[in-house]
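Here are the chains, one letter per residue:
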Amino acid sequence: MNYDVIVIGAGSMGMAAGYYLSKSGKKILLLDSFNPPHNNGSHHGETRIIRYAYGEGEEYVPFVLRAKELWSDLEKSSGKQLFLQTGVINVGNEESDFIQNIISSSKKYSLPVDIMDSKEVQTRWPGFSLPNNYIGCFEPTSGVLKCEESIQAYQELAEKNGATIITYSRVRNISIKNEKVTILTDEHKFCSEALVVAAGAWTGQLLSMLDLELPLTPVRKTFAWFHADEKVYHHTKFPAFAVETSQGMYYGFPSIDGAGIKVGRHDGGDPISPDESMLAFGEVEADKGDLENYLNKYIPGIQQLKYGKTCMYTLTPDEKFIIDLHPNYSNVAIAAGFSGHGFKFSSAVGQALSNLIISGKNDVDISQFAINRFK
Ligand SMILES: Cc1cc2nc3c(=O)[nH]c(=O)nc-3n(C[C@H](O)[C@H](O)[C@H](O)COP(=O)(O)OP(=O)(O)OC[C@H]3O[C@@H](n4cnc5c(N)ncnc54)[C@H](O)[C@@H]3O)c2cc1C
């Protein structure tokens, strides 16, 4: 079967790319090893934080502001509420790069951020207990995206525009000859003029087939839901949060739809192969204890563990994304290495991948995500 563009991986980035490509009227095929949204990659767990004054660096802000506009477009086109404006509070030592980047991002891009000392944070949200030398940067316009529902929304719209999605169809081989792409799955052969590779933790394996070795390291991550008092932690009363402690960087979500509070640790994680069956939450002794120690210290009102899950991050050495054309094939666009903070950008990444395939460039600057920085 022949297509204009094949997208390998219909997860966070690939499904959004499929949607934007489908709007161009081209014949699009998306292939996925599973049936997205699913629990085997990096996009499950119901919710993802979106924040705009960006602790990882102010250079991300124009791209995340584009993502914000596109999330709002997706809500309008799909008729679904995918964003909850809970606000996000970022907490840490005033001197830390994370906090300083938030402050400088908010100044440079005139983003509303309330800076408060630890006492003010605790007065406003009695659920927190913070050391005196921490400060809080509260961004009221930010909040929570429903990640799995967002992927579903992109899928429905892409299919409506005529895109084909084949699930449980793992790509086993890719070859390119005279700019023609040939893809083999266990059952089929597909050909196309152009290709998008957005296969999350599996991207490294696939790109090796196109003679490209990228420094991508999949790691095992855990997160868990805890019983929480709805009077204090309901999402209309408590914000999403990122807390940089001396032990590590933790993030979490207020209780949404009675789910309880969800927390995870951002830094660390053991390298794994994405095909290896991962130890379940709790099979590693530290899984539960680490989150409980964090909660006891910083959010002490939280009670019993409900349940936990595992997920994968795909790290790059600088924890910046890779969004670029293949250095040897101008008809292959790549999105990978989202290093545990990519979901909020996925609307803008999808649009950028589509733009790269159609015109070779994106209107929002993505040069910081170029492959040649690893040379
Ligand atoms: C626990 C956790 C919490 C996170 N919290 C946040 C957050 O709060 N905010 C935020 O912005 N980001 C967050 N992230 C990061 C974000 O979720 C990821 O960056 C993002 O989901 C990565 O998207 P992806 O498209 O690269 O991968 P995925 O969404 O995993 O998609 C890759 C797809 O490719 C498919 N695939 C792989 N190989 C093949 C093949 N050979 N053939 C066919 N299909 C294939 C897979 O089945 C999968 O569906 C979090 C991640 C985790 C794990």
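Thresholds, definitions, all that
- Residues numbered from 1 in each chain as written.
- Predicted model: local features only at pLDDT ≥ 70, side-chain atom pairs only at ≥ 80, totals over all residues.
- Heavy atoms only, no water.
- Pairing = 2+ DSSP bridges.
- Helix = DSSP H or I, 4+ residues; strand = E, 2+ residues; numbered from the N terminus.
- Contact = heavy atoms within 4.5 Å.
- Axes fitted to C-alpha atoms, helices over the stretch in contact; angles between N-to-C directions.
- Phe/Tyr/Trp six-rings, centres within 6.5 Å; stacked < 30°, edge-to-face > 60°.
- Buried < 20%, exposed > 50% of the residue type's maximum accessible area, 1.4 Å probe, protein only.
- Core = buried A, V, L, I, M, F, W, Y, C linked by side-chain atoms within 4.5 Å.
- Right-handed = clockwise from strand over helix to strand, strands pointing away.
- Near = heavy atom within 4 Å.
- Polar contact = N/O pair within 3.5 Å; in protein donor to acceptor, adjacent residues only side chain to side chain.
- Areas by Shrake-Rupley, 256 points an atom, 1.4 Å probe, with all protein chains shown as cover.
- Nonpolar A, V, L, I, M, F, W, Y, C, P; charged D, E, K, R; others polar.

**Side note on the sheet that holds strand S3 (residues 47-50)**
If you trace the 3 strands from one edge of the open sheet to the other, you get S3-S8-S4, paired in antiparallel fashion. Looking at the sheet topology across the chains shown, the edges are occupied by S3 and strand S4 (83-84). Examined bridge by bridge, S3 and strand S8 (residues 143-146) share 4 bridges and lie antiparallel to one another. Pairing of Thr 47 across the sheet is with Lys 146, part of S8. In this fold helix H5 (residues 147-160) packs onto S3 and S8, with an angle of close to 50° to the strand it touches most, S8.

**Describing the packing of aromatic side chains**
Using the criterion set out here, one finds 28 aromatic pairs in the structure. Between the aromatic rings of Tyr 3 and Phe 190, the centroid separation amounts to 6.3 Å while the plane-to-plane angle is 65°, which identifies the pairing as edge-to-face. With a gap of 187 residues between them, Tyr 3 in strand S1 (residues 2-8) and Phe 190 in strand S12 (residues 189-197) connect regions that are remote in the sequence. Residue Tyr 3 is classed as buried on the basis of its relative accessible area of 6%. An angle of 45° between the planes, with centres 5.9 Å apart, marks the rings of Tyr 60 and Phe 369 as tilted. Here Tyr 60, found in the loop between S3 and helix H2 (61-78), pairs with Phe 369, found in the segment after helix H9 (346-359); they are 309 residues apart in sequence, far enough to count as distant.

**Let's talk about the environment of Ile 8**
Position of Ile 8 relative to the elements: it lies in strand S1. Residue Ile 8 is classed as buried on the basis of its relative accessible area of 4%. Measuring from C-alpha to C-alpha, the distance between Ile 8 and Glu 120 comes to 48 Å, with 112 residues separating the pair along the chain. Ignoring any residue separated from it by four or fewer positions in sequence, one finds Ile 8 in contact with Leu 31, Val 171, Ile 174, Ile 183, Leu 195, Val 196, Val 197, Ala 198, Ala 199 and Leu 206.

**Overview of the nonpolar core**
Most often, soluble globular proteins have nonpolar side chains that are buried together. Within the largest apolar cluster, 65 residues are counted, with the highest numbers of intra-cluster contacts made by Phe 63, Val 196, Ile 323 and Val 349. Those residues within four positions of Ile 323 in sequence are excluded, and the remaining contacts are Phe 63, Ile 334, Phe 338, Val 349, Ala 352, Leu 353, Leu 356, Ile 366 and Phe 369. Within the second largest apolar cluster, 29 residues are counted, among which are Leu 29, Ala 201, Ile 272 and Met 312.

**Remarks on the pairing of strand S2 (residues 28-31)**
Side chains Ile 28 and Leu 30 of S2 all project onto a buried face; the interleaved residues Leu 29 and Leu 31 project onto the opposite face, where all are buried too. Both S1 and S2 contribute to a ladder of 4 bridges, which runs parallel. Bridge pairing links Val 5 to Ile 28 in S2. In this fold, S1 hands off to helix H1 (residues 12-22), which returns the chain to S2; that crossover is right-handed. As paired strands, S2 and strand S9 (residues 164-166) are joined by 3 bridges and run parallel to one another.

**Comments concerning the site of the ligand**
Around the ligand, the surrounding shell holds 35 residues, and the nearest of these are Ser 12, Asp 32, His 38, His 43 and Cys 311. For the ligand, an oxygen atom lies 3.0 Å from a polar atom in the backbone of Met 13. Within the backbone of Ser 33, an N or O atom sits 3.1 Å from a nitrogen atom of the ligand. Here the ligand has 1000 Å² of accessible area as a free molecule, and 97% of this is covered by the chains. Among the elements of the structure, H1, S3, strand S15 (249-253) and strand S18 (305-315) are those that each provide at least two residues to the shell around the ligand. The element best represented in the shell around the ligand is S18, accounting for 3 residues. Residue composition of the shell around the ligand, grouped by class: 18 nonpolar, 13 polar and 4 charged.

**Focus on the environment of Gly 350**
Structurally, Gly 350 is set in helix H9. Separated by 255 residues in sequence, Gly 350 and Glu 95 have C-alpha atoms that sit 35 Å apart. With sequence-adjacent residues up to four places away left out, Gly 350 is seen in contact with Met 13, Ala 16, Ala 17 and Tyr 20.

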